[in-house]
Amino acid sequence: MSEAHTPPTEQDLDAIREGVRAVVTRFGDDYWLARDDDGEFPRAFHRAMAEAGWLGITMPVEFGGSGLGVTEAAVMMNEVASHGGGMAAASSIHINLFGPHPIVVKGTKAQKARWVPRLVRGEDQCCFGFTEPDAGLNTTRITTFAEKVPGGYIVRGQKVWTSTAQVANKIMLLTRTTKFEDAARPTDGITIFYTDLDRTKVDVRRIPKMGRKAVDSNAVFIDGLFVPDEDRIGEEGKGFGYILHSLNPERILIGAEAVGIGRDALRRATAYARERIVFDRPIGQNQGIQHPLAERWMYLESAWLMVMKGAALYDAGLPCGAEANSAKFLAARASHDACWQAIATHGGFGYAREYHVERLYRESAINRLAPITEQLILSFVAEKVLGLPKSY
Ligand SMILES: Cc1cc2nc3c(=O)[nH]c(=O)nc-3n(C[C@H](O)[C@H](O)[C@H](O)COP(=O)(O)OP(=O)(O)OC[C@H]3O[C@@H](n4cnc5c(N)ncnc54)[C@H](O)[C@@H]3O)c2cc1C
């Protein structure tokens, strides 16, 4: 994300929407339904987005990116999620946009030159190994350990939910280099690496899950992975501070994606409500059908305003934690509710796969849970905005 960001004009954002739409609409409902059936990674879509140059939208220009801000990326991801691909489309490229942020902020020039252009061109795919089964949301309690050896580190531990690890060749790995009990503060002693996903030392097991089948999530077992010194990002033990940089952009982008899915569901519901005739009139003529849809539109559009506010603050270099978290919370809720209302509007047909709204509903649930849950966002806002005692 660029240091000095010039706020985009409405025309700039429209151009982004049009450009993204031109690629995304080549992959229709049938493509995404098939991926949801076979669980194959949407490679053709990923390749098309890389070839059109979208994967580097926030990456520095000198390393092949476009150097644009989170505002532009949010508009891009909103469009990506709005045309039937939902979270499968969004998640297949999402990590590219905010994931390399620790590299951009803390990486050396040599590291950036080695890693960023390959990500921008779609030649490398990166997964994120942060969450651990026994730590949950309390990241300071991770136990995956990187032991110092000559020339690098040997890593052992376990990650869970690592998305795209079936197809990724790189992993952004959060480890401890000082055990929790030996660290001066809970956030000390955490070190971040960006390295090869060496499958001779890393066992990746797919987790069967509710939705977004095309973008895998996994239990990852790491046993004796050698990571060279040159794959460590920034200083040893300072990794926790580095990941904080990428949290707000990630939440803003998830919010943008959630609104995209909700708008898609709402479009499908209103089209159906206009066409479906029961009791000799379109069902959309009934207030019991149209009022909930009107209400969902209001919630989605107000969530979008919060997404854009969070993005504008971030791009201006201003604090945006409350807005980024609220954007993610409001957008995920509004999106999930809109998807449910789309099912309800379709009646029994909403339950049929061929109308796609049940797939969007399942996918929209992810954003209420990950990368942070609703409860933790509420706790954050209660503490940081309302000044109530910390509860976690
Ligand atoms: C589809 C999917 C993809 C994912 N992809 C990735 C990925 O690529 N990389 C990665 O690292 N992780 C990934 N995750 C993990 C995700 O970020 C975590 O699931 C999420 O952070 C929640 O952690 P947890 O499941 O361990 O919940 P837990 O920490 O076990 O929490 C369980 C419940 O208790 C609540 N809770 C816990 N403590 C408190 C408290 N103090 N106050 C109130 N409520 C509390 C939580 O809000 C939650 O409702 C993914 C998850 C999913 C579902």
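Each chain carries its own residue numbering, running from 1 in the written order of its sequence. Only residues with pLDDT of at least 70 get local features here, since the model is predicted, and only at 80 or more are side-chain atom pairs given and counted; chain-wide, interface and lining totals rely on the full set of residues. Hydrogens and waters are ignored; side-chain quantities use all the structure's heavy atoms.

Undergrad: Break down the packing of helix α10 (residues 321–346) against helix α13 (residues 374–384) for me, citing the residues and quoting the values.
TA: Packing of α10 against α13 brings their axes to within 10 Å, and their N-to-C directions diverge by 145°. For the pair α10 and α13, the crossing hand works out as left-handed. Across the interface between the two elements, Gly321, Ala322, Asn325, Ser326, Lys328, Phe329 and Arg333 from α10 touch Glu374, Ile377, Leu378, Phe380 and Val381 from α13. Its residues assigned to classes, the contact of α10 with α13 shows six nonpolar, three polar and three charged. Lines fitted to the C-alpha atoms define the axes, with helices restricted to the stretch that makes contact. Angles between their N-to-C directions range from 0 to 180 degrees. For helices the rule is a DSSP run of H or I covering at least 4 residues; for strands it is a run of E covering at least 2, with both sets numbered from the N terminus onward. With the far helix as reference, a near helix turned anticlockwise by less than a right angle produces a left-handed crossing, and one turned clockwise produces a right-handed crossing. Whether two residues are in contact is decided by their heavy atoms: any pair within 4.5 Å suffices. All amino acids are sorted into three groups, where Ala, Val, Leu, Ile, Met, Phe, Trp, Tyr, Cys and Pro are nonpolar, Asp, Glu, Lys and Arg are charged, and the leftover types, Gly among them, are polar.

Undergrad: Residue-level account of the nonpolar core, with values.
TA: Burial of nonpolar side chains together is a common tendency in soluble globular proteins. The nonpolar core is taken to be a set of buried Ala, Val, Leu, Ile, Met, Phe, Trp, Tyr and Cys residues, with the residues joined through side-chain atoms within 4.5 Å. When accessible area is computed with a 1.4 Å probe and restricted to protein chains, residues below 20% of their type maximum are described as buried, those above 50% as exposed, and intermediate ones as partly exposed. By size, the foremost hydrophobic cluster in this structure holds 87 residues, and its most contacted members are Phe45, Met49, Met76, Val80 and Met172. With 14 residues, helix α8 (residues 239–275) is the largest single contributor of residues to this core. Counting residues in hydrophobic clusters, the runner-up holds 16 residues, among them Cys127, Tyr153, Ile171 and Leu225.

Undergrad: Can you tell me about empty space enclosed by the protein, naming the residues and giving the values?
TA: Space left empty within the atom packing is revealed by a probe, the size of a water molecule, rolled over the atoms. Method remark: on a 1 Å grid restricted to protein atoms, a set of points is classed as a cavity if a 1.4 Å probe fits but cannot get out and as a pocket if it is open with protein on both sides within 12 Å along at least five of seven lines; lining residues have an atom within 4 Å of a point. Grid points are joined across faces, edges and corners, and a volume is the space filled by probe spheres set on the points. Inspection of every chain in the model, using the stated rule, returns one cavity of 30 Å³ or more. Forming the walls of the largest cavity are Ser91, Ser92, Ile93, Ile95, Asn96, Leu119, Gln125, Cys126 and Thr164. Counting residues per element, the lining of the largest cavity draws most heavily on helix α5 (residues 86–98), which supplies five residues.

Undergrad: Could you give me a rundown of the pattern of salt bridges, with the residues and numbers involved?
TA: For salt bridges, the criterion is a side-chain nitrogen of Lys or Arg within 4 Å of an Asp or Glu carboxyl oxygen. Taken as a whole, this structure holds 28 salt bridges when the rule is applied. Note that Glu79 and Arg21 form a salt bridge whose closest N and O atoms lie 2.8 Å from each other. Residue Glu79 is found in helix α4 (residues 70–80), and its partner Arg21 is found in helix α1 (residues 10–24); the two are separated by 58 residues along the sequence. In this structure Glu79 comes out as buried when scored by relative accessible area, which is 5%. With its nearest N and O atoms 2.9 Å apart, the salt bridge here joins Glu301 to Arg263. Remark: Arg263 occurs in helix α8 and Glu301 occurs in helix α9 (residues 287–315); sequence separation between them is 38 residues. Accessibility expressed as a relative area gives 17% for Arg263, which makes it buried. Salt bridges sharing common partners tie together Asp36, Asp37, Arg353, Glu358 and Arg362.

Undergrad: Could you give me a rundown of helix α11 (residues 357–364), with the residues and numbers involved?
TA: For α11, the tally of buried residues reaches seven of eight residues, placing the bulk of the element in the interior. Turning to α11, its buried residues number three or more, namely Val357, Glu358, Arg359, Leu360, Arg362, Glu363 and Ser364.

Undergrad: Got a sec to walk through the side chain of Asn96? Specific residues and values, please.
TA: Among the secondary structure elements, Asn96 is positioned in helix α5. Under the relative-accessibility criterion, Asn96 is labelled buried at 6%. Engagement of the side chain of Asn96 in a polar contact is seen with the backbone oxygen of Leu119, the distance being 2.9 Å. Residue contacts for Asn96: discarding those within four places in its chain leaves His46, Leu55, Met59, Leu119 and Val120. Identification of polar contacts relies on pairs of N or O atoms within 3.5 Å, with a donor-acceptor requirement for protein atoms, meaning one able to donate a hydrogen and the other able to accept it, and with residues adjacent in sequence counted only if both atoms are side-chain atoms.

Undergrad: How would you explain the packing of α5 against α8 if you had to name every residue and give the values?
TA: As a packed pair, α5 and α8 sit with axes 11 Å apart at the nearest point and diverge in direction by 160°. The pairing of α5 with α8 is recorded here as roughly antiparallel in orientation. The way α5 lies across α8 gives a crossing that is right-handed. Judged by residue contacts, Gly86, Met87, Ala90, His94, Leu97 and Phe98 of α5 engage Ser246, Pro249, Glu250, Leu253, Ile254, Glu257 and Ile261 from α8. Note that the term roughly parallel is reserved for angles under 35 degrees, roughly antiparallel for angles over 145, roughly perpendicular for angles of 65 to 115, and oblique for everything else.

Undergrad: An account of the site of the ligand is needed here, citing residue identities and associated values.
TA: It suffices for a single heavy atom of a residue to lie within 4 Å of a molecule or strand for the residue to be listed as near it. Neighbouring the ligand are 19 residues, the closest being Phe128, Thr131, Leu137, Ser163 and Thr373. Measuring from a nitrogen atom of the ligand, one finds a side-chain N or O atom of Ser163 at 2.8 Å. Contact with the protein chains removes 66% of the 980 Å² of surface that the ligand exposes when unbound. The set of elements that each furnish at least two residues to the shell around the ligand consists of β3 (152–163), α12 (366–369) and α13. The dominant element in the shell around the ligand, judged by the number of residues it contributes, is β3, at three residues. Looking at the shell around the ligand residue by residue, the class counts come to ten nonpolar, eight polar and one charged. All accessibility values rest on the Shrake-Rupley procedure with a 1.4 Å probe; residue burial counts only the protein chains present in the view.

Undergrad: Describe the pairing of strand β7 (residues 217–228), with residues and values.
TA: Of all twelve residues in β7, nine are buried; the element is thus mostly enclosed. We treat two strands as partners when DSSP finds at least two bridges between them. The pairing of β3 with β7 spans eleven bridges and is classified as antiparallel. Counterpart to Gln158 in the pairing with β7 is Phe221. Pairing of strand β6 (residues 202–206) with β7 involves five bridges; the strand directions are antiparallel. By the bridge assignment for β7, Asp203 is matched with Phe221.

Undergrad: Give a description of unusual backbone geometry that names residues and reports values.
TA: Of the consecutive residues Ala370 and Pro371, the connecting peptide bond is found in the cis state with omega at -5°. Relative to the helices and strands, Pro371 is located in the loop between α12 and α13. A positive phi angle, close to 70°, is found at Thr164, a residue other than glycine. Position of Thr164 relative to the elements: it lies in the loop between β3 and β4 (170–176). Look at Thr164 and you get buried, because its relative accessible area is 3%. Phi at Arg212 takes a positive value of approximately 55°, unusual for a residue other than glycine.

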